[in-house]
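# Tertiary structure, described
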Amino acid sequence: MSAVSDRLPTFPWDKLEPYKKTAAAHPDGIVDLSVGTPVDPVPELIQKALIDAADSPGYPTVWGTPALRDAITGWLERRLGARGITHRHVLPVVGSKELVAWLPTQLGLGPGDKVAYPRLAYPTYEVGARLARAGYEVYDDPRELDPAGLKLLWLNSPSNPTGRVVPKQDLTEIVAWAREHGVLLVSDECYLELGWEADPVSVLHPDVNGGSYDGVLAVHSLSKRSNLAGYRAAFVAGDPAVLGPLLEIRKHGGMMTSAPTQAAVVAALGDDVHVHEQRERYAARREALRTALLAHGFRIEHSEASLYLWATRDESCWTTVAHLADLGVLVAPGDFYGEAGRNFVRVALTATDERVRAAVARLTA
């Protein structure tokens, strides 16, 4: 057991505990903007679907019900512009973090293989490589990577933490580069429906992949768009030649989404109204926090999409974290996402309207 845990870095958020205590001591309470966890209610139609499926005594299937696969393929075509998507092109997963952490292992990667991910990135990409005992490296432009030994290339657009969106032309060229070098490209698109100043495009769009899913996967989650982080509901879509063996591995591992959750996902993917309503909530919070941060002397970079503002005062991220904690506001230090983030903080939009108003008041006092 220790041999496995020893491969992993220190869990980043443990380092925030002292600052969380400081922020919690504020007379008006903490405003926690450090984690991108939804705080708004699960839409009623999704709750009802979950409740209606509560009497589910049997085992669910790893591949999901036909209704679930229909819902996923329909959404991919309607929302992302994907074409020719069948059940063979989709696979439900138990939340996207689980897939990110275990995909290199399930693909059979190990010593001598390499995983690449953005220089500023969600820490779990590195964790997944470490669990598989594979090598890993970061990039600014994946087209400049040495493809020797590179087996898995992670994209993340819109980005966590920066909110940067990769333009369609760049995506098209990166897909072509990965195919040329026999590298599996996996695009983490969990924030795709949260574009503000840009319109994110999926690698599943035919303009990007040329009408073929060969060597391409896309990961999607319902955590943000539908407030379903607590349900652990996500899926991966793309190349059937990769998803077929992955399904068999996951069958053996019992990695199945619960039957009530599968029913809830069907309802969630079939309804766009609640997504628009949630977007409006986040848009209002984003504008309020962005204006307040700028007034407080911050500069905001990228942040054209996703649930975060990537902000800096051109000082150590930990100095900024401490400063904001004294105001009762907790944010994530940028170096959680890589050394390149050492002078930035990530400010999440996932707080209630009341708590956002409290943060704005403190920042503009």
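Attention here is on the structure that accompanies the text. (Residues numbered from 1 in each chain as written. Predicted model: local features only at pLDDT ≥ 70, side-chain atom pairs only at ≥ 80, totals over all residues. Heavy atoms only, no water.)

### Side note on the overall build of the protein
Scanning the protein for helices and strands turns up 13 helices and 13 strands. Relative to the globule expectation of 21 Å for 365 residues, the C-alpha radius of gyration of the protein, 20 Å, shows essentially globular dimensions. The C-alpha extent of the protein, read off along each of the three principal axes, is 55 × 50 × 45 Å. The buried share of the protein, reckoned over its 365 residues, is 54%. Considering only residue pairs separated by 6 or more positions, the protein has 75% of its internal contacts joining residues 24 or more positions apart. With an accessible surface of roughly 15,100 Å², the protein has 54% of that area assigned to carbon and sulfur atoms. (Helix = DSSP H or I, 4+ residues; strand = E, 2+ residues; numbered from the N terminus. Rg over C-alpha atoms; globule rule 2.2 N^0.38 Å. Buried < 20%, exposed > 50% of the residue type's maximum accessible area, 1.4 Å probe, protein only. Contact = heavy atoms within 4.5 Å. Areas by Shrake-Rupley, 256 points an atom, 1.4 Å probe, with all protein chains shown as cover.)

### Focus: the sheet that holds strand β10 (residues 308-312)
Taken in spatial order, the four strands make up an open sheet running β9-β10-β13-β12, and their pairing is antiparallel. At either end of the open sheet lies a strand with only one pairing partner, and these are β9 (299-301) and β12 (332-333). Pairing of β9 with β10, which is carried by three bridges, proceeds in the antiparallel orientation. The residue of β10 that forms the bridge with R299 is T312. Strand contacts of helix α11 (residues 273-295): β9, β10 and β13 (345-348), with the helix running at about 5° to β10, the strand carrying the most contacts. (Pairing = 2+ DSSP bridges. Axes fitted to C-alpha atoms, helices over the stretch in contact; angles between N-to-C directions.)

### A short note on the layout of surface pockets
To find leftover empty space, one rolls a probe the size of a water molecule over the atoms. In this structure, the largest pocket encloses a volume near 1,100 Å³. Surrounding the largest pocket, 41 residues form its lining, W13, K97, Y122, P123 and T124 being those nearest its centre. When residues of the lining of the largest pocket are traced back to their parent elements, those giving at least two are α5 (96-106), β3 (114-118) and α6 (124-131). Per-element tally for the lining of the largest pocket: the top contributor is α6, with four residues. Across the lining of the largest pocket, the residue classes tally to 21 nonpolar, 10 polar and 10 charged. P118, R119, Y139, D140 and R164 are, among the 23 residues lining the second largest pocket, the residues nearest its centre. Counting only elements with at least two residues in the lining of the second largest pocket, the list comes to β5 (150-156) and α7 (168-180). When the residues that make up the lining of the second largest pocket are grouped by side-chain class, the tally is 11 nonpolar, five polar and seven charged. (1 Å grid on protein atoms, 1.4 Å probe; cavity = no way out; pocket = protein on both sides within 12 Å on 5 of 7 lines; lining within 4 Å. Points joined across faces, edges and corners; volume = space filled by probe spheres on them. Nonpolar A, V, L, I, M, F, W, Y, C, P; charged D, E, K, R; others polar.)

### Comments concerning the nonpolar core
Grouped together as the largest cluster of nonpolar side chains are 66 residues, with contacts concentrated most on L33, W154, V186, V236, V331 and V345. With residues up to four places along the chain from it excluded, the contact list for W154 reads V100, L103, V115, A116, Y117, P118, Y125, Y139, V186 and V219. In terms of nonpolar packing, the next biggest core, distinct from the first, is built from 43 residues, V166, L228, F235 and A264 among them. (Core = buried A, V, L, I, M, F, W, Y, C linked by side-chain atoms within 4.5 Å.)

### Observations regarding the pattern of salt bridges
Tallied over the full model, the rule gives 24 salt bridges. In this structure, D170 engages R143 in a salt bridge whose closest nitrogen and oxygen atoms are separated by 3.7 Å. With a gap of 27 residues between them, D170 in helix α7 and R143 in the loop between β4 (135-139) and β5 connect regions that are remote in the sequence. A salt bridge links D353 to R285; the nearest nitrogen and oxygen atoms lie 2.7 Å apart. Of the two residues, D353 sits in helix α13 (residues 353-363) while R285 sits in helix α11, which places them 68 residues apart along the sequence. For D353, a relative accessible area of 39% corresponds to the partly exposed category. The class of R285 is buried, set by a relative accessible area of 3%. Linked through salt bridges whose partners overlap, the residues forming this network are D28, E354, R355 and R362. (Salt bridge = Lys/Arg side-chain N within 4 Å of Asp/Glu carboxyl O.)

### Focus: the sheet that holds strand β7 (residues 216-221)
Taken in spatial order, the seven strands line up as β2-β8-β7-β6-β5-β3-β4 in an open sheet, and their pairing is mixed. This sheet does not close on itself; its edge strands, each paired only once, are β2 (90-93) and β4. On average, each strand axis in the sheet is inclined to that of its neighbour by 20°, with strand direction left out of account. Note: β5 against strand β6 (residues 184-188), five bridges, orientation parallel. When the bridges of β6 are listed, L153 appears paired with L185. Of the strands in this sheet, β5, β6 and β7 are in contact with α7, which crosses β5 at around 170°.

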